[in-house]
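# Chain and residue survey
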Amino acid sequence: MKMTDKIYVISCSQDLASMGLDRKRSAVEGMEETNLSLDWSTVRLIPVIADEKVKFQVGETLIVSIKPIEIPAYSTVIQSFYGTNGMGHMFCIGCLTFKTHADDRVADKAMFQSRVKAPVMKGDLLGQVLIVPGKKK
């Protein structure tokens with residue numbers, strides 16, 4: 001992929017539905033293949049905690065606000081499959097504003113899918129992530 005190729009970011013949010021949209025597609029610049037040096041000696045294991053109550057139907061996937069998680073520039077986020085929520089699966093963490101790996105980021109949202117009809121409560125563990133610090137090579 002060349003730096004001149006257009007790359008599009010797809011943003012999804014329940015808030016877009018109020019405007020009659022299901023997603024927003026935006027062109028981004030500055031994304032390219034980057035070599036990183038990851039520091040596995042200082043990995044942080046962080047619980048992902050719901051910061052709001054969200055009601056789920058069986059099989060429903062929704063975006064849930066979480067307690068903010070700081071992610072330094074060039075760090076990599078890896079989902080742990082241990083220490084999860086028994087009612088469903090967390091797929092990812094992030095924020096509603098697109099950021100690149102070169103930016104410091106704060107994840108305040110998680111995408112969660114429930115296997116049962118039940119609410120996620122404020123303070124519930126959704127899953128865990130590993131934050132691996134890195135720098136551009």
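Shown above is the structure to which this text applies.
None of the values given here were measured: they were computed from a predicted structure.

The rules behind each value
- Residues numbered from 1 in each chain as written.
- Predicted model: local features only at pLDDT ≥ 70, side-chain atom pairs only at ≥ 80, totals over all residues.
- Heavy atoms only, no water.
- Helix = DSSP H or I, 4+ residues; strand = E, 2+ residues; numbered from the N terminus.
- Buried < 20%, exposed > 50% of the residue type's maximum accessible area, 1.4 Å probe, protein only.
- Contact = heavy atoms within 4.5 Å.
- Areas by Shrake-Rupley, 256 points an atom, 1.4 Å probe, with all protein chains shown as cover.
- Core = buried A, V, L, I, M, F, W, Y, C linked by side-chain atoms within 4.5 Å.
- Pairing = 2+ DSSP bridges.
- Axes fitted to C-alpha atoms, helices over the stretch in contact; angles between N-to-C directions.
- Phe/Tyr/Trp six-rings, centres within 6.5 Å; stacked < 30°, edge-to-face > 60°.

For the chain, the count of helices and strands is one helix and twelve strands. For the chain, the α and β elements follow one another from N to C terminus as β-α-β-β-β-β-β-β-β-β-β-β-β. In the chain, buried positions account for 29% of the 137 residues. Taking all contacts inside the chain whose residues are at least 6 apart in sequence as the whole, residues at least 24 apart take part in 75%. Accessible surface for the chain amounts to roughly 8900 Å². Of this, 53% is attributable to carbon and sulfur atoms.

It is worth spelling out the nonpolar core at this point. V48, I69, I93 and L126 are the most contacted members of the largest nonpolar core, which totals 20 residues. No other element matches the five residues that strand β6 (residues 61–71) contributes to this core. Discounting chain neighbours no more than four positions away, the residues touching L126 are V48, A50, V64, I66, T84, N85, M90, A110, F112 and V120.

Before going further, it helps to spend a moment on the environment of K136. Mapped onto the fold, K136 is located in strand β12 (residues 134–136). Taking the C-alpha atoms as reference, K136 lies 8.3 Å from A102; in sequence the two are 34 residues apart. Apart from the residues lying within four places of it in its own chain, the contact partners of K136 are T34, N35, L36 and Y74.

A few words now on the sheet that holds strand β7 (residues 76–80). Strand order in this open sheet of three strands is β4-β11-β7, and the pairing throughout is antiparallel. The open sheet has two edge strands, β4 (44–49) and β7, and neither has a second partner. With direction set aside, neighbouring strand axes in the sheet form an average angle of 35°. As judged from the five bridges shared by β7 and strand β11 (residues 125–132), these two strands associate in the antiparallel manner. Across the sheet, T76 pairs through a bridge with V132, a residue of β11.

When we look at a pair of aromatic rings, we describe it by the centre distance and by the angle of the planes. On inspection of all chains with the given rule, the structure shows one aromatic pair. Measuring from ring centre to ring centre gives 5.6 Å for F56 and F112, while their planes differ by 70°; the resulting arrangement is edge-to-face. With F56 in strand β5 (residues 54–56) and F112 in strand β9 (residues 105–114), the pair connects residues that are 56 residues apart, well separated along the chain. For the residue pair F56 and F112, the accessibility class agrees, reading buried in each case.

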